[in-house]
Amino acid sequence: AQRVTQPEKLLSVFKGAPVELKCNYSYSGSPELFWYVQYSRQRLQLLLRHISRESIKGFTADLNKGETSFHLKKPFAQEEDSAMYYCALSEPSNTGKLIFGQGTTLQVKP
Amino acid sequence: GAGVSQSPSNKVTEKGKDVELRCDPISGHTALYWYRQSLGQGLEFLIYFQGNSAPDKSGLPSDRFSAERTGGSVSTLTIQRTQQEDSAVYLCASSLVLQTPAFFGQGTRLTVV
């Protein structure tokens with residue numbers, strides 16, 4: 001069955017420290033992977049997608065098919081990065097349907 | 001407005017009553033998606049529309065849930081005979097073509113008492 005696992009409910013780091021939000025997936029095939037972010041009292045929004053190989057707000061994520069992981073990383077956390085982060089996957093043939101992980105709250109302390 | 005708009009923002013209803021949730025997508029967006037966010041289940045896919053048709057209804061939790069979209073624009077999610085487990089934030093998103101949604105609405109917080 002398709003599944004996305006984010007093992008950490010809460011990740012707390014100090015400003016300037018590196019951040020890695022973990023995401024593992026279960027899927028037989030080549031899914032598309034995404035990270036979404038929801039800042040406090042704001043709307044859920046797409047942060048980045050693996051096919052774009054982009055860096056958004058200093059965040060990057062590499063798809064590791066061998067480890068079935070798609071961890072989100074940032075070398076130096078900022079206080080404004082504090083938010084809820086969701087990892088998600090979709091089937092290439094059914095891009096309208098996302099399967100989300102349970103989310104990780106990132107707390108960046110001053 | 002420029003974003004996806006949902007109404008009402010909050011809805012409190014009594015168990016057993018029917019509710020209708022509305023989503024106004026971004027103008028010109030042909031694809032529309034419904035998700036819900038609850039404490040117990042996290043973010044769950046419900047249904048999506050391409051134009052007025054819904055190719056994938058697999059996420060609707062039960063036959064009490066239905067959705068329609070008319071004129072390729074506004075969509076309504078209807079929950080009949082609401083139950084307490086229906087309490088959640090219902091999110092809508094839209095996109096220009098069928099693809100991973102980037103723009104979500106602010107959600108409708110449904111509380112069934």
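Residues numbered from 1 in each chain as written. Chains lettered and ligands numbered in written order. Predicted model: local features only at pLDDT ≥ 70, side-chain atom pairs only at ≥ 80, totals over all residues. Heavy atoms only, no water.

A.B. asks: Help me understand empty space enclosed by the protein, please; the structure alone is not making it clear to me.
C.D. replies: Rolled over the atoms, a probe as big as a water molecule pinpoints where empty space is left. All names here are of chain A. Throughout the structure, instances matching the rule amount to one cavity of 30 Å³ or more. Size it by volume and the largest cavity reaches roughly 40 Å³. For the largest cavity, the full set of lining residues is Gln2, Leu89, Ser90, Glu91, Asn94, Lys97 and Ile99. Mapped onto the lining of the largest cavity, the elements with two or more residues apiece are strand 9 (83–91) and strand 10 (94–100). A breakdown of the residues in the lining of the largest cavity according to their chemical character gives two nonpolar, three polar and two charged. (1 Å grid on protein atoms, 1.4 Å probe; cavity = no way out; pocket = protein on both sides within 12 Å on 5 of 7 lines; lining within 4 Å. Points joined across faces, edges and corners; volume = space filled by probe spheres on them. Helix = DSSP H or I, 4+ residues; strand = E, 2+ residues; numbered from the N terminus. Nonpolar A, V, L, I, M, F, W, Y, C, P; charged D, E, K, R; others polar.)

A.B. asks: Is there a simple way to think about the interface of chain A and chain B in this case?
C.D. replies: Many descriptions give the size of an interface as the accessible area lost when the pieces come together. Each side of the interface is counted separately: chain A has 16 residues, and chain B has 22 residues. In total, chain A and chain B occlude about 1600 Å² of area from one another, counting both sides; carbon and sulfur atoms represent 49% of this. The largest per-residue losses of area from chain A upon contact with chain B belong to Arg43, Leu44 and Gly96 of chain A, which jointly make up 33% of the total buried on that side. Counting across the chain A and chain B interface gives zero salt bridges. Linking chain A to chain B there are seven residue pairs in polar contact (both at pLDDT 80 or more). Elements with a minimum of two residues in the side of chain A that touches chain B: strand 5 (32–38), strand 6 (45–49), strand 9 and strand 10 of chain A. Top contributing element to the side of chain A that touches chain B by residue count: strand 10 of chain A, with six residues. Counted by class, the side of chain A that touches chain B contains seven nonpolar, seven polar and two charged residues. (Contact = heavy atoms within 4.5 Å. Buried area = accessible area lost by both parts, 1.4 Å probe. Salt bridge = Lys/Arg side-chain N within 4 Å of Asp/Glu carboxyl O. Polar contact = N/O pair within 3.5 Å; in protein donor to acceptor, adjacent residues only side chain to side chain.)

No statement about biological role is implied by the geometric values presented.
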